[in-house]
Amino acid sequence: MMRIGLGYDVHKLVEGRDLVIGGVKIDYDKGLLGYSDADVLIHAIMDSILGALALGDIGKHFPDTSEEFENIDSMKLLEVVYTKIVERNYTIGNIDAVIIAQKPKMAPYILNMRERIAEVLHTSIENINIKSTTTEKLGFEGREEGISAQAISLLNIK
């Protein structure tokens, strides 16, 4: 049996924060605002996996009312989500994701993102695809006010 889940996340760009996307620190003068490290890509991926498992969303599992999750590295949260995959006897089929940002350019970081995510999810890098796009200066991403990400995950029963 296969299960598919969709995830979406968005965070505002602000000064004074590191920009971390896909578990990779990106050299940029702004970062994403959020209760955790605001890793928009990892949040979208986690939501897609939780959706495939019919387990709700990341807010249900990692509420922003809990001090435990304040400023936490989202890769640690992805590790927890991975345990839910294993507990339910699934494996990653593949993940396809897109980062929507006018700036900075993501291309130099995507391979490292794929490697980090594949490692945490105990799968081959060939099962993790990440793309990036701009919005041709349209919308909040185009005005460089924030960054969003979308992900879809396919899980296979063992």
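Summarised in this report is the structure supplied together with it. As the structure is a computational prediction, the values presented were derived from the model and not from experiment.

## Some points on the packing of aromatic side chains
Scanning the entire structure with this criterion turns up 1 aromatic pair. An angle of 80° between the planes, with centres 5.4 Å apart, marks the rings of Phe62 and Phe69 as edge-to-face. On the basis of relative accessibility, which here comes to 12%, the residue Phe62 falls in the buried class.

## Observations regarding helix α4 (residues 110-120)
Since the α-helix turns once every 3.6 residues, residues separated by three or four places project in the same direction. Among all positions in α4, only Ile110, Met113, Ile117, Ala118 and Val120 are buried. All buried residues of α4 project into a common sector of 165° when viewed along the axis, lining one side. Contacts from the buried residues of α4 go to β2 (19-21), β3 (24-26), α1 (40-52), α3 (74-87), β5 (90-100) and β6 (128-133). In the stretch just after α4, His122 is the one whose phi turns positive, near 50°.

## Points about the nonpolar core
Grouped together as the largest cluster of nonpolar side chains are 47 residues, with contacts concentrated most on Ile21, Leu41, Ile49, Leu78, Met113, Ile117 and Ile147. Where this core is concerned, the elements lending two or more residues are β2, β3, α1, α3, β5, α4, β6 and β7 (146-157).

## As for the layout of surface pockets
Size it by volume and the largest pocket reaches roughly 240 Å³. Contributing to the lining of the largest pocket are 15 residues, with Ser36, His43, Ile58, Phe62 and Asp64 lying nearest its centre. For the lining of the largest pocket, the secondary-structure elements that each account for two or more residues are β1 (2-14), α1 and α2 (58-61). Taken together, the residues that form the lining of the largest pocket break down as 8 nonpolar, 5 polar and 2 charged.

## Structural notes on unusual backbone geometry
A cis amide bond links Lys103 to the next residue, Pro104, at an omega of -5°. Along the chain, Pro104 turns up in the loop between β5 and α4. Here Glu136, not a glycine, exhibits a phi torsion of approximately 55°, which is positive. In this structure, Glu136 sits in the loop between β6 and α5 (139-142).

## A short note on the environment of Arg17
Here Arg17 shows up in the loop between β1 and β2. A relative accessible area of 23% places Arg17 in the partly exposed class. In the structure, Arg17 is positioned 17 residues away from Gly34 in sequence and 9.7 Å away in space, judged by C-alpha atoms. Those residues within four positions of Arg17 in sequence are excluded, and the remaining contacts are Lys30, Gly31, Leu32, Leu33, Gly34, Ser36, Asp37, Ala38 and Asn71. There is a polar contact of 2.9 Å between the side chain of Arg17 and the backbone oxygen of Leu32.

## Digging into the packing of α1 against α3
Here α1 crosses α3 at 15°, and the two axes come no closer than 10 Å. Between α1 and α3, the angle is such that the two are roughly parallel. α1 and α3 meet at a crossing whose hand is left-handed. Contacts between α1 and α3 pair Ile42, His43, Ile45, Met46, Ile49 and Leu50 from the former with Ser74, Met75, Leu77, Leu78, Val81, Lys84 and Ile85 from the latter.

## Focus on the packing of α3 against α4
Two elements in contact, α3 and α4, have axes separated by 9 Å at closest approach and are oriented at 40°. By the angle between their directions, the pair α3 and α4 is classed as oblique. Contact residues: Met75, Leu78, Glu79 and Tyr82 in α3; Arg116, Ile117 and Val120 in α4. Of the residues contributing to the contact of α3 with α4, the split by class is 5 nonpolar, no polar and 2 charged.

What counts as what
Within each chain, residues carry numbers counting from 1 in the order of the written sequence. pLDDT decides what is reported in this predicted model: residues at 70 or higher carry local features, side-chain atom pairs at 80 or more are listed and counted, and totals for whole chains, interfaces and linings draw on all residues regardless. By convention in this description, side-chain values take in all heavy atoms of the structure and omit both hydrogens and water. Only centres within 6.5 Å qualify two rings of Phe, Tyr or Trp (six-membered ring in Trp) as a pair; their planes then separate them into stacked at under 30 degrees, edge-to-face at over 60, and tilted for everything else. A simple rule labels every residue: compare its accessible area, found with a 1.4 Å probe on the protein chains alone, to the largest value its type can have, and call it buried under 20%, exposed over 50%, or partly exposed in between. Only DSSP runs of H or I covering at least 4 residues are called helices, and only runs of E covering at least 2 are called strands; the numbering of each starts at the N terminus. Read the arc as the range of directions from the helix axis to the C-beta atoms. Contacts: residue pairs with any heavy atoms within 4.5 Å of one another. Definition of nonpolar core: a set of buried residues of the types Ala, Val, Leu, Ile, Met, Phe, Trp, Tyr and Cys, connected through side-chain atoms within 4.5 Å. Lining residues are defined by having an atom within 4 Å of a point belonging to a cavity or pocket. Those points lie on a 1 Å grid over the protein atoms alone, cavities being sets where a 1.4 Å probe fits but cannot get out and pockets being open sets with protein on both sides within 12 Å along at least five of seven lines. Grid points are joined across faces, edges and corners, and a volume is the space filled by probe spheres set on the points. For this scheme, ten residues count as nonpolar: Ala, Val, Leu, Ile, Met, Phe, Trp, Tyr, Cys and Pro. Four count as charged, namely Asp, Glu, Lys and Arg, and the remainder, Gly too, count as polar. We call two N or O atoms a polar contact when they sit within 3.5 Å, provided that within protein one can donate a hydrogen and the other can accept it, with sequence-adjacent residues counted only if both atoms are side-chain atoms. Whenever a helix is involved, its axis is fitted only over the stretch in contact; in every case the axis is a line through C-alpha atoms, and angles between N-to-C directions fall within 0 to 180 degrees. For classification purposes, an angle smaller than 35 degrees is called roughly parallel, one larger than 145 roughly antiparallel, one from 65 to 115 roughly perpendicular, and anything else oblique. When the near helix sits turned anticlockwise from the far one by under a right angle, the crossing is termed left-handed; a clockwise turn instead gives a right-handed crossing.

Nothing here speaks to function; it is all geometry.
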